[in-house]
Structure formats: structure tokens, C-alpha cells
Amino acid sequence: VELVESGGGLVQPGGSLRLSCAASGFTFSNYVMSWYRQAPGKERELVAVMFSAGGSTNYADSVKGRFTISRDNAKNTVYLQMNSLKPEDTAVYYCKAGLRYWGKGTLVTVSS
């Protein structure tokens, strides 16, 4: 199993980024996919989750209305579109498949 995140970087407040997570080694369409983040000195927290059946989603209150999770089962990829970014969104963002498979993360820095 491999999860590889990409798309992180430095962005100004109010800007946008789209993160991608390319998955391999398992039947992607069967898995719940989620994004977590961990800011310096803080615990890892759930940002968004997308269920495999029906594609329903759930978001942390802090990102509702700004972030959108989506998936392309044909490409074995899950995305996180992040708009109206704030400095407090600065963190390493991790992709997770099911309950136990993690990517290595991609750093998002929101700063002027």
C-alpha cells in the first residue's frame, strides 16, 4: 500500500491550493479516504472524509465552506481543494485510507 501526497507549498492568506493523494496497492474504490493535518506543536486532526459508498463527505468545523474533498476512483486519487486559506491552516497534510494506511504528508504554509 502506498499513498503519496502532493500539491503543498507556500500560499498567501486568502489563496488556494489543491492537494492530491495518489493511492496504490489496494482497491481504492472500497476505502473511505480522509485528509488529516498536524500543525507544529499540535495533535493531528481530521480535516475531511469521503465515504466510499455514495460519496458522502464530512468536514471539520474549521474548514467547512472553504475546503472540498473529492475522489477519482478511475485514477485512484483523492483531492483536497482548499480555498480562502488562513495562517491557521498551516500544517502538514496527510492522506489516510481506511483506518490504518497513511501517506507521508505534504507541507502547506499560509503566510504573507
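Up top is the structure.
Presented here is an overview of the structure given in this document. (Residues numbered from 1 in each chain as written. Predicted model: local features only at pLDDT ≥ 70, side-chain atom pairs only at ≥ 80, totals over all residues. Heavy atoms only, no water.)

**A short note on the overall build of the chain**
Along the backbone of the chain there are zero helices and 11 strands. Counted from the first residue to the last, the chain has its helices and strands arranged as β-β-β-β-β-β-β-β-β-β-β. What you see for the chain is a C-alpha radius of gyration of 13 Å, in line with the 13 Å of a compact globule of 112 residues. Counting only C-alpha atoms, the chain reaches 40 × 25 × 25 Å along its principal axes. Each of the 112 residues in the chain was classed as buried or not, and the buried ones make up 41%. Considering only contacts in the chain between residues 6 or more positions apart, those separated by 24 or more positions represent 52%. (Helix = DSSP H or I, 4+ residues; strand = E, 2+ residues; numbered from the N terminus. Rg over C-alpha atoms; globule rule 2.2 N^0.38 Å. Buried < 20%, exposed > 50% of the residue type's maximum accessible area, 1.4 Å probe, protein only. Contact = heavy atoms within 4.5 Å.)

**Considering the side chain of serine 20**
If you trace the backbone, serine 20 turns up in strand β3 (residues 17-24). Residue serine 20 is classed as buried on the basis of its relative accessible area, which comes to 16%. Residues within four places of serine 20 in sequence aside, it is in contact with Val4, Glu5, Ser6, Trp35, Thr77, Val78 and Tyr79.

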